[in-house]
Amino acid sequence: MAGQPKTKAETATAPAEADKANAVDFEIIELFFFAYRDFTSDPDVILEKRGFGRAHHRVLHFVDREPGMTVADLLETLRITKQSLARVLKQLIDSGYIHQVAGPEDRRQRKLYTTKEGKTLARALAEPQSRRIADALAKTGPGAREMIKRFLSGMKNADDN
C-alpha cells in the first residue's frame, strides 16, 4: 500500500524492477530492424528495376493514398527537405508515375496525383507488404490488428497523431 514501509522482500526487488524499467529492449529493437528489412525487401526489388529507391516508394505511396495532396503536405508528411523531395518527385513525374496540377486558387500551389502507371506501381509495391502483414496477423491471433495499430500509433511522435 502507498505510504507504508516496504518489507525486506519488496526492497530487495525494487532495484531489479528499476533496472528493468531503464533497460534497453534489444530484442524488440532487433525484431524491428529485421521486420523492416524484410518488409521493404520485396518493394526494393521492384523499385531497383526502375532505378528507384525507398524515397520514391514513400512519395508514390502517400500521393496515391491522398490524391491531390500538395507538395507542402507531402513535405510535412515525409519530414524531408524541399531539395530531397524535388529530385525524387522530378524523377517520378518524368517517368510518368506522378502528375502535378497547379492549384485552382493559387497557381503556385502544386497538387499531386498518381497516373494510371503510378497507381499500378503503387499497388505492386503494396501487395507484397500487405501479404506479409496478413501472414503475420494470421499467426498472431484474434485482436492482433487492433493491438498492433495501437502499438504502432504509440511509437509515432505525439505531434503525428
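Structure report, in brief. (Residues numbered from 1 in each chain as written. Predicted model: local features only at pLDDT ≥ 70, side-chain atom pairs only at ≥ 80, totals over all residues. Heavy atoms only, no water.)

Looking at where Pro67 falls in the secondary structure, it is placed in the loop between helix H3 (54-65) and strand E1 (69-70). In contact with Pro67, other than residues within four places in its own chain, are Leu112 and Tyr113. (Helix = DSSP H or I, 4+ residues; strand = E, 2+ residues; numbered from the N terminus. Contact = heavy atoms within 4.5 Å.)

For the rest of this paragraph, the subject is the pattern of salt bridges. Tallied over the entire structure, the rule returns eight salt bridges. Between Asp38 and Arg37 there is a salt bridge, and its shortest N-O distance comes to 2.8 Å. Residue class for Asp38 comes out partly exposed when judged on its relative accessible area of 27%. On the basis of relative accessibility, which here comes to 45%, the residue Arg37 falls in the partly exposed class. Between Arg145 and Glu146 there is a salt bridge, with its nearest N and O atoms 3.9 Å apart. The class of Glu146 is partly exposed, set by a relative accessible area of 42%. (Salt bridge = Lys/Arg side-chain N within 4 Å of Asp/Glu carboxyl O. Buried < 20%, exposed > 50% of the residue type's maximum accessible area, 1.4 Å probe, protein only.)

The end-to-end C-alpha separation of helix H5 (residues 82-94) is 18 Å, in line with the 18 Å expected for 13 residues at 1.5 Å each. Among the residues of H5, Leu85, Val88, Leu89 and Leu92 are the ones counted as buried. Down the axis, H5 shows its buried residues gathered within 100° of arc, on one side only. Exposed and facing more than 90 degrees away from the buried side of H5 are Gln83, Lys90 and Asp94. (Expected span 1.5 Å × (residues − 1). Arc of directions from axis to C-beta.)

The subject of this paragraph is the layout of surface pockets. The calculated volume of the largest pocket comes to roughly 2,300 Å³. As for the largest pocket, its lining consists of 40 residues, and the residues nearest its centre are Tyr36, Phe39, Gln129, Ile133 and Leu152. Contributing elements (two or more residues each) for the lining of the largest pocket: helix H2 (26-49), H3, helix H4 (71-78), helix H6 (116-140) and helix H7 (144-155). A per-element tally of the lining of the largest pocket places H6 first, with eleven residues. When the residues that make up the lining of the largest pocket are grouped by side-chain class, the tally is 18 nonpolar, nine polar and 13 charged. (1 Å grid on protein atoms, 1.4 Å probe; cavity = no way out; pocket = protein on both sides within 12 Å on 5 of 7 lines; lining within 4 Å. Points joined across faces, edges and corners; volume = space filled by probe spheres on them. Nonpolar A, V, L, I, M, F, W, Y, C, P; charged D, E, K, R; others polar.)

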